[in-house]
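A structural walkthrough
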Amino acid sequence: MATATATTSSAVPATAFLRRQGANGGANRSLRWARNQHQRWSPRRSGAAVITAKFDLKPPPYPQDALEPHMSQNTMSFHWGKHHRAYVDNLNKQIVGTELQGKSLEDVMIRTYNKGDLLPPFNNAAQVWNHDFFWDSMKPGGGGKPSGELLKAIERDFGSFEKFSEEFRSAAATQFGSGWAWLVFNPRPSDGKELLVLKTPNAVNPLVLGYTALLTIDVWEHAYYLDYQNRRPDYISIFMEKLVSWDAVSAKLEVAKSRVA
Amino acid sequence: MALRTIVSRKTLAALGSGLRAEARLAASRGLVTFSLPDLPYDYGALEPAISAEIMQLHHQKHHQTYVTNYNKALEQLEDAMAKGDALAVVKLQSAIKFNGGGHINHSIFWKNLSPIREGGGEPPKGSLGWAIDTDLGSMEALVQRMNAEGAALQGSGWVWLGLDKDFKKLVVETTANQDPLVTKGANLVPLIGIDVWEHAYYLQYKNVKPDYLKNIWKVINWKYASEVYEKECH
């Protein structure tokens with residue numbers, strides 16, 4: 001996500017390759033995801049030699065069954081293959097021919113957030129971004145505790161990892177209706193605390209609120225209903241114990257700090 | 001004692017007569033608490049439009065949780081009021097709105113549905129049928145409009161056929177999360193509410209919300225809606 005600034009060149013961004021080598025170790029496993037495994041941007045020419053840019057559905061950095069049994073392949077096939085895909089497709093349809101076309105995803109998001117007076121494409125744009133971020137927040141064999149600078153920062157701002165974990169779980173469990181819970185980095189803290197836990201409704205995310213996202217959990221019902229039904233607290237516990245990618249969170253914290261240093 | 005009476009009366013008045021039957025007086029405390037209403041049909045009776053699995057989870061887990069948490073919030077509210085803790089009272093409002101709204105909305109929802117063999121899906125005769133044609137064009141137009149609004153709703157919420165009792169006109173509205181219809185207008189009376197939270201359809205219809213909306217009309221209980229309409233319109 002830190003390298004997600006748009007480019008309209010036809011070169012494949014380096015991150016696409018790093019993802020496949022690092023996480024999968026081979027091209028075959030990434031083929032289990034559906035047909036379109038393009039890089040983020042795919043400029044293409046129409047018959048009238050007009051270049052149109054559109055957003056693509058990016059696959060998660062692990063195969064569809066890699067998070068079993070904590071998040072089933074069944075859930076992933078719907079959550080990524082249907083919900084996330086629909087946000088991408090509908091966003092593209094909504095912005096074609098408008099001034100938003102050709103802008104980066106983050107740019108579209110912030111413009112359509114419109115300081116809280118949401119414009120129609122916001123829901124789709126933000127949900128594309130949120131889901132990309134969510135897949136990156138998890139990994140096979142995840143969970144456990146963070147280490148190094150991240151752990152120090154958590155202990156400094158929350159008192160202990162356990163207190164952070166309790167606050168994060170509580171935010172995720174008490175977000176009424178659809179939404180997300182986040183660990184974020186605050187670039188301009190008034191109280192000296194760089195890290196905070198936030199919960200947001202529907203498609204709203206910390207980016208449009210001025211923070212840098214480090215970790216998220218999707219608490220829309222479609223994220224957990226097939227595997228956990230109404231038991232959202234169980235889903236949240238399993239997410240913390242078995243799915244969180246603390247490596248990804250640490251990397252994002254490093255980038256966030258280097259920006260303000 | 002006077003404080004408790006105020007709580008009870010206000011609670012009952014705000015929620016309408018339909019819920020009085022479910023209220024129990026906790027004799028030792030005087031606080032009116034609520035309980036899960038029974039369904040007037042078996043969990044499997046609405047199949048294939050809505051699966052038994054969904055009906056059971058929806059009633060026994062989701063609605064029950066709203067009732068439990070609503071009662072908890074009301075007890076905390078009574079406590080905060082007795083202590084004169086203004087901040088605590090204000091902080092409890094969102095939990096009361098969410099859980100109380102959830103209880104109100106779902107109590108209406110179970111009455112909005114009925115098995116086909118008991119008249120589910122049969123269009124309304126009488127004054128409500130006429131009002132639909134007059135105010136909304138036709139039954140087809142009503143269904144199309146509610147389905148479109150239900151499908152377009154982002155996140156969680158409800159789509160309603162309501163009666164504006166001041167103007168005696170039918171309206172179609174949506175509300176977010178568990179906001180009752182009255183949050184869109186104090187003069188609005190709910191006739192039919194369709195739950196479009198994902199828990200209402202996901203196990204059966206997955207992401208295809210439009211199919212759920214198309215099918216639910218087969219089990220909509222127009223008899224109940226007509227009764228409510230006629231009572232308001234004499």
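Residues numbered from 1 in each chain as written. Chains lettered and ligands numbered in written order. Predicted model: local features only at pLDDT ≥ 70, side-chain atom pairs only at ≥ 80, totals over all residues. Heavy atoms only, no water.

Stated formally: UniProt positions are given in the numbering used here, feature names are shortened, and annotations may be inferred rather than shown by experiment.
Labelled according to an unreviewed UniProt entry, chain B appears under the name Superoxide dismutase, originating from Rhodamnia argentea. Looking at the Sequence similarities (unreviewed entry) heading of the UniProt record, one finds this comment for chain B: "Belongs to the iron/manganese superoxide dismutase family." What UniProt states about chain B under its Subcellular location (unreviewed entry) heading is, verbatim, "Mitochondrion matrix".

As recorded by an unreviewed UniProt entry, chain A carries the name superoxide dismutase and is attributed to Rhodamnia argentea. Of chain A, the UniProt comment under Subcellular location (unreviewed entry) reads exactly: "Plastid, Chloroplast". Per its UniProt entry, chain A bears the Sequence similarities (unreviewed entry) comment "Belongs to the iron/manganese superoxide dismutase family."

Considerations on the sheet that holds strand β5 (residues 212-218) of chain A
Residues and elements named next belong to chain A. Let me state the cut-off plainly: The pairing criterion for strands is at least two bridges between them, as found by DSSP. Here a strand is any run of E in DSSP of at least two residues, a helix any run of H or I of at least four, and the numbering for each starts at the N terminus. Between N-to-C directions, angles cover 0 to 180 degrees, with each direction set by a line fitted to C-alpha atoms, over the stretch in contact for helices. Two residues form a contact once any of their heavy atoms are found within 4.5 Å.
Spatial ordering of the open sheet is given by β4-β3-β5, a layout of three strands whose pairing is antiparallel. Taken across any chain shown, the strands that pair with only one partner, and hence form the sheet edges, are β4 (195-201) and β5. Within this sheet the neighbouring strands show an average axis-to-axis angle of 25 degrees, counted without direction. Of the strand pairs in this sheet, strand β3 (residues 179-185) and β5 are connected by six bridges, and their pairing is antiparallel. Paired with V184 across the bridge in β5 is A213. Packed onto the sheet, helix α6 (residues 148-158) meets β3 and β4 and runs at close to 80 degrees relative to β4.

Some points on the pairing of strand β3 (residues 157-164) of chain B
Remember that side chains alternate between the two faces of the sheet whenever the strand is regular. Residues and elements named next belong to chain B. So the rule is basically this: Each residue gets one of three labels from its accessible area relative to the maximum for its type: buried under 20%, exposed over 50%, partly exposed in between, using a 1.4 Å probe on protein chains only.
When you tally the buried positions in β3, you get eight out of eight residues, the bulk of the element. Neither face of β3 is open: one carries G157, V159, L161 and L163, the other W158, W160, G162 and D164, and all of them are buried. Direction of pairing for β3 relative to strand β4 (residues 169-176): antiparallel, over a ladder of eight bridges. Looking at the pairing, G162 lines up with V171 of β4. Summarising the sheet, β3 and strand β5 (residues 188-195) pair through seven bridges and their orientation is antiparallel.

Describing the domain arrangement of chain B
Residue and element names in this part refer to chain B. Selection criterion: Segmentation of the chain into domains, including their bounds, is taken from an automatic or database domain assignment. Buried area: the accessible area, evaluated with a 1.4 Å probe, that two parts lose upon being put together, summed over both parts. For salt bridges, the criterion is a side-chain nitrogen of Lys or Arg within 4 Å of an Asp or Glu carboxyl oxygen.
When cut into domains, chain B gives domain 1 (2-111) and domain 2 (116-233). Each side of the interface is counted separately: domain 1 has 22 residues, and domain 2 has 27 residues. Summing both partners gives a buried area of about 2100 Å² for domain 1 against domain 2, and 64% of it is carried by carbon and sulfur. In this structure, the connection of domain 1 to domain 2 is made through one salt bridge.

Looking at the UniProt feature "binding site: Mn(2+)" (unreviewed entry) in chain A
Residue and element names in this part refer to chain A. To be explicit about the condition: Any pair of nitrogen or oxygen atoms within 3.5 Å is treated as a polar contact; in protein, a donor-acceptor pairing is required on top of that, and neighbouring residues in sequence qualify only through side-chain atoms on both sides.
The positions UniProt marks with the feature "binding site: Mn(2+)" (unreviewed entry) are H79, H131, D218 and H222. What stands out for the annotated residues spanning 144 residues is how close their C-alpha atoms remain, the widest pair being 12.2 Å apart. Following the sequence through the fold, H131 ends up in helix α5 (residues 121-136). When near neighbours in sequence (up to four residues on either side) are disregarded, H131 contacts H79, H84, Y87, W180, D218 and H222. Among the structural elements, D218 can be located in strand β5. Judged by its relative accessible area of 0%, D218 falls in the buried class. If sequence neighbours within four positions are ignored, D218 has contacts with H79, H131, F134, G179, W180, A223 and Y235. There is a polar contact of 2.9 Å between the side chain of D218 and the side chain of H79.

Some remarks on the UniProt feature "domain: Manganese/iron superoxide dismutase C-terminal" (unreviewed entry) in chain A
In this structure's numbering, the residues bearing the UniProt feature "domain: Manganese/iron superoxide dismutase C-terminal" (unreviewed entry) are residues 146-251 of chain A. Between the C-alpha atoms that bound residues 146-251 of chain A the distance is 11 Å, and the span itself is 44% helix and 20% strand.

Let's talk about helix α9 (residues 222-233) of chain B
Owing to its 3.6 residues per turn, the α-helix aligns residues three or four sequence positions apart on the same side. All names here are of chain B. Stated precisely, the cut-off is as follows: Residue count minus one, scaled by 1.5 Å, sets the expected span of a helix.
In this model α9 runs 16 Å from its N-terminal to its C-terminal C-alpha over twelve residues, within 8% of the 16 Å that 1.5 Å per residue would give. All of the buried residues along α9 are W222, Y224, A225, S226, V228 and Y229. Contacts from the buried residues of α9 go to α4 (93-112), α5 (126-136), α6 (139-152), β3, β4 and β5. Taken from the residues just after α9, H234 is the one with a positive phi, measuring 50 degrees.

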